[in-house]
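One-letter residues, chain by chain:
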Amino acid sequence: VITRPEMEIGRYHWMYRSSRPHRYHHVPALRGNVSPLGIQGCFECCIKCLGGVPYASLVATILCFSGVALFCGCGHVALTGTVSILEQHFSTTASDHALLSEVIQLMQYVIYGIASFFFLYGIILLAEGFYTTSAVKELHGEFKTTACGRCISGMFVFLTYVLGVAWLGVFGFSAVPVFMFYNIWSTCEVIKSFQTNMTVPGDQICVDIRQYGIIPWNAVPGKACGPVLENICNTNEFYMSYHLFIVACAGAGATVIALIHFLMILSSNWAYLKDASKMQAYQDIKAKEEQELQDIQSRSKEQLNSYT
């Protein structure tokens, strides 16, 4: 007959593994560069880091930086060349184009501010893309979102929309000097063709800058005709300014595309944060209910043990 103390001793030896006979378990083979301690290798870490890069935000940032750099750099040099052309060929009196010179100088200072602002803003949007992408959730553990974070993301959406509309105006404004220089260049080509065909004297073909409103009507000479105009088109200032204005206009267009791209990304990230906040609230409620259920079960076990 087995007594009760002997039964308790047998139960104790069965419950604790230290009293059981030692058993050898099969260890699965290691894959890749994973160490026996479960630490991932260099290749797996690189793949995981590359998966956390927001490529859409990265492409938009590169496009935005490129567009702003082209617009600011080429626009600054082209404006300087435009002033030189006006002073040498269309407005020999300094008082006639004094206002235009001040406006161009102010625009150059604005270009400095635009370049600095968009350099910082592009970095901020790229960082926002890093912290709201779904890959960051896998890299840094459980994702948490707050009302402040969602508000900041919504603010970026609104600010990017306003900047996109503003850059549409900048893009349209940058096309104006391209149109003016194109008219001058096409007039020079007409003069060359007429001189070749000997149909119309080139002196009768002129370009009057005063009709564009950039210099007053009493500016002297205000216009260029025939060979004088052809010589203007052959100067380095005209050639460089014309092509730089074209590149600046293209840079403004690239910036508009980049801001539209950023707007789509930010809207998607804001929607993701909104869904993540709902999921977070659901998980909190679920965890609270599970904790309450565990408390009820533990109290029930305690009462059952007290009865037995």
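Bear in mind the structure is a predicted one, so any value in this text is a computation, not a measurement.

Caption draft 1: The UniProt feature "transmembrane region" (unreviewed entry) in the protein, seen in detail. UniProt's entry tags residues 58–86, 106–131, 152–176 and 244–266 with the feature "transmembrane region" (unreviewed entry), counted in the numbering of this structure. Between the end C-alpha atoms of residues 106–131 there is a gap of 38 Å, over a span that is 100% helix and 0% strand. This span, residues 152–176, is 100% helix and 0% strand, and a straight line between its end C-alpha atoms measures 37 Å.

Caption draft 2: The layout of surface pockets, seen in detail. Its boundaries defined by the atoms lining it, the largest pocket holds a volume of some 650 Å³. Lining the largest pocket are 28 residues, with Leu79, Met107, Phe173, Pro177 and Phe245 sitting closest to its centre. Among the secondary structure elements, those contributing two or more residues to the lining of the largest pocket are helix H3 (55–90), helix H4 (98–132), helix H6 (147–197) and helix H8 (236–307). Counted by class, the lining of the largest pocket contains 25 nonpolar, three polar and no charged residues.

Caption draft 3: Focus on the packing of aromatic side chains. Summed over the entire model, instances satisfying the criterion amount to 13 aromatic pairs. Between Phe118 and Trp167, the ring centres sit 5.5 Å apart and the planes meet at 80 degrees, which makes this aromatic pair edge-to-face. Within this pair, whereas Phe118 is found in helix H4, its partner Trp167 is found in helix H6, the two being separated by 49 residues in sequence. We note that Phe118, like Trp167, is buried. One aromatic cluster is present, formed by Phe71, Phe117, Phe118, Tyr121, Phe156 and Trp167 through successive ring pairs.

Caption draft 4: Up close: the pattern of salt bridges. Tallied over the entire structure, the rule returns two salt bridges. Across the salt bridge formed by Lys192 and Glu189, the nearest N and O atoms sit 3.9 Å from each other. With Lys192 and Glu189 both in helix H6 and three residues apart, the pair spans about one turn of that helix. With a relative accessible area of 30%, Lys192 lands in the partly exposed category. Using a relative accessible area of 33% as the deciding quantity, one classes Glu189 as partly exposed. Close ionic contact of Asp208 with Arg210 constitutes a salt bridge, the shortest N to O distance being 3.0 Å. An identical accessibility class is assigned to Asp208 and Arg210; each is buried.

Caption draft 5: Representation of the side chain of Thr61 in the model. Of note, Thr61 is situated in helix H3. Of the residues examined, Thr61 reaches a relative accessible area of 4% and is grouped as buried. For Thr61, the contacting residues outside a window of four places in its chain are Gly122, Leu126 and Phe262.

The rules behind these values
- Residues numbered from 1 in each chain as written.
- Predicted model: local features only at pLDDT ≥ 70, side-chain atom pairs only at ≥ 80, totals over all residues.
- Heavy atoms only, no water.
- UniProt positions renumbered as here; feature names shortened; annotations may be inferred.
- Helix = DSSP H or I, 4+ residues; strand = E, 2+ residues; numbered from the N terminus.
- 1 Å grid on protein atoms, 1.4 Å probe; cavity = no way out; pocket = protein on both sides within 12 Å on 5 of 7 lines; lining within 4 Å.
- Points joined across faces, edges and corners; volume = space filled by probe spheres on them.
- Nonpolar A, V, L, I, M, F, W, Y, C, P; charged D, E, K, R; others polar.
- Phe/Tyr/Trp six-rings, centres within 6.5 Å; stacked < 30°, edge-to-face > 60°.
- Buried < 20%, exposed > 50% of the residue type's maximum accessible area, 1.4 Å probe, protein only.
- Salt bridge = Lys/Arg side-chain N within 4 Å of Asp/Glu carboxyl O.
- Contact = heavy atoms within 4.5 Å.

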